[in-house]
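Coordinate analysis (summary)
Spelled out from the first residue to the last, the chains are:
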Amino acid sequence: MNNPMRWKQRFENFTNAYQKLIMVVEYKNLKSDEIAKMALIQAFEFTFELVWKTLKDYMEEEGFEVNSPKAVLRQAYQANYISNGDVWMEALKKRNNTVHNYDASLMEETVNFIIDDFYPALKEWYLAFSERR
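Since this is a predicted model, take the numbers as computed values, not measurements. (Residues numbered from 1 in each chain as written. Predicted model: local features only at pLDDT ≥ 70, side-chain atom pairs only at ≥ 80, totals over all residues. Heavy atoms only, no water.)

Section: the overall build of the protein
Quick note on the threshold: Starting at the N terminus, helices and strands are each numbered in turn, a helix being any DSSP run of H or I of at least four residues and a strand any DSSP run of E of at least two. Put simply, the radius of gyration uses C-alpha atoms, and a globule should come to 2.2 Å times the residue count raised to 0.38. Any residue under 20% of the maximum accessible area for its type is buried, any over 50% is exposed, and the rest in between are partly exposed; the area is computed with a 1.4 Å probe on protein chains only. Calculation of accessible area relied on Shrake-Rupley with a 1.4 Å probe; when residues are assessed, cover is drawn exclusively from the protein chains displayed. Two residue types count as positive, namely Lys and Arg, and two as negative, namely Asp and Glu; His and chain ends fall outside the count. Lysine's charge is taken at NZ, arginine's at CZ, aspartate's at CG and glutamate's at CD.
Helix and strand counts for the protein stand at five helices and zero strands. Secondary structure elements of the protein occur, N-terminal to C-terminal, as α-α-α-α-α. Its C-alpha atoms give the protein a radius of gyration of 15 Å, near enough to 14 Å, the size a compact globule of 133 residues would have. The C-alpha extent of the protein, read off along each of the three principal axes, is 45 × 25 × 20 Å. Taken over 133 residues, the protein has a buried fraction of 44%. A total of about 7400 Å² of accessible surface is found on the protein, and carbon and sulfur atoms cover 48% of it. Computed over 17 positive and 20 negative side-chain charges, the separation of the two mean positions in the protein equals 3 Å.

Here it is, written out as structure tokens:
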């Protein structure tokens, strides 16, 4: 059986990464600063990794058996732990692309996705899961 405190510990780690993501998203020169864009993508990668693992640990405690990020996101959507499953699946795709590729157009597309789509979804999830602790 999974350690029942594991998801809470993971959530704390996620919260630290999420705070860094907020700092970069709110950086006033983000759109014109290439280093800030790179920092945003790195913060996105960290927070995405921690959010899916937090969900995995939480769902295991709830009796679900999930292993891969894709399976976790699908089950989390079905169980109403996340909303807008398309955004979360796109986040997985973007995370996989940014980890393995560097391309200026991919960077711009990913930055816009993070700001416009993922960050609001992540904020919604964070607020909901903060109440579960």
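Focus: the packing of helix H3 (residues 69-78) against helix H4 (residues 85-100)
Packed helix pairs are characterised by how far apart their axes lie and by the angle those axes make with each other. Selection rule: Lines are fitted to the C-alpha atoms to define the axes, a helix being fitted only along its stretch in contact, and any angle between axes, read from their N-to-C directions, falls within 0 to 180 degrees. Relative orientations are named as follows: roughly parallel for angles under 35 degrees, roughly antiparallel for angles over 145 degrees, roughly perpendicular for angles from 65 to 115 degrees, and oblique for any other angle. The criterion used for residue contact is that any of the two residues' heavy atoms lie within 4.5 Å.
Between H3 and H4, the least distance of the axes is 10 Å, while the angle of their chain directions is 170°. When the axis of H3 is compared with that of H4, the two are roughly antiparallel. Between H3 and H4, the residues in contact are Pro69, Lys70, Leu73, Arg74 and Tyr77 and Gly85, Trp88, Met89, Leu92 and Arg95, respectively.

Re the environment of Glu12
Inspection of the secondary structure assignment puts Glu12 in helix H1 (residues 6-25). Along the primary structure Glu12 and Ser130 are separated by 118 residues, whereas in three dimensions their C-alpha atoms are 9.9 Å apart.

Details of the layout of surface pockets
One simple way to see leftover space: roll a probe sized like a water molecule over the atoms. Here is the rule: Only protein atoms enter the 1 Å grid used here. Points where a 1.4 Å probe fits but cannot escape make up a cavity, open sets with protein on both sides within 12 Å along at least five of seven lines make up a pocket, and a residue lines them when an atom lies within 4 Å of a point. Grid points are joined across faces, edges and corners, and a volume is the space filled by probe spheres set on the points. Three classes are used, and their members are as follows: Ala, Val, Leu, Ile, Met, Phe, Trp, Tyr, Cys and Pro are nonpolar, Asp, Glu, Lys and Arg are charged, and the others, Gly among them, are polar.
Here the largest pocket defines a volume of roughly 160 Å³. If you trace the largest pocket, you find it lined by Met38, Ile41, Gln42, Glu45, Thr98, Asn101, Tyr102, Asp103, Leu106, Met107 and Thr110. Breaking the lining of the largest pocket down by element, the ones donating at least two residues are helix H2 (34-61) and helix H5 (104-130). A total of four residues in the lining of the largest pocket trace back to one element, the largest contributor, which is H2. Considered class by class, the residues forming the lining of the largest pocket number five nonpolar, four polar and two charged.

Topic: the packing of H4 against H5
Quick note on the threshold: Throughout, a crossing is termed right-handed when the near helix is turned clockwise from the far one, and left-handed when it is turned anticlockwise from it by less than a right angle.
Packing of H4 against H5 brings their axes to within 10 Å, and their N-to-C directions diverge by 140°. When the axis of H4 is compared with that of H5, the two are oblique. Of the two elements, H4 crosses H5, and the hand of that crossing is left-handed. Residues Val87, Trp88, Glu90, Ala91, Lys94, Asn97 and Thr98 of H4 touch H5, and the partners they reach there are Leu106, Glu109, Thr110, Phe113, Asp117, Phe118, Ala121, Leu122 and Trp125. For the contact of H4 with H5, the per-class residue count stands at nine nonpolar, three polar and four charged.

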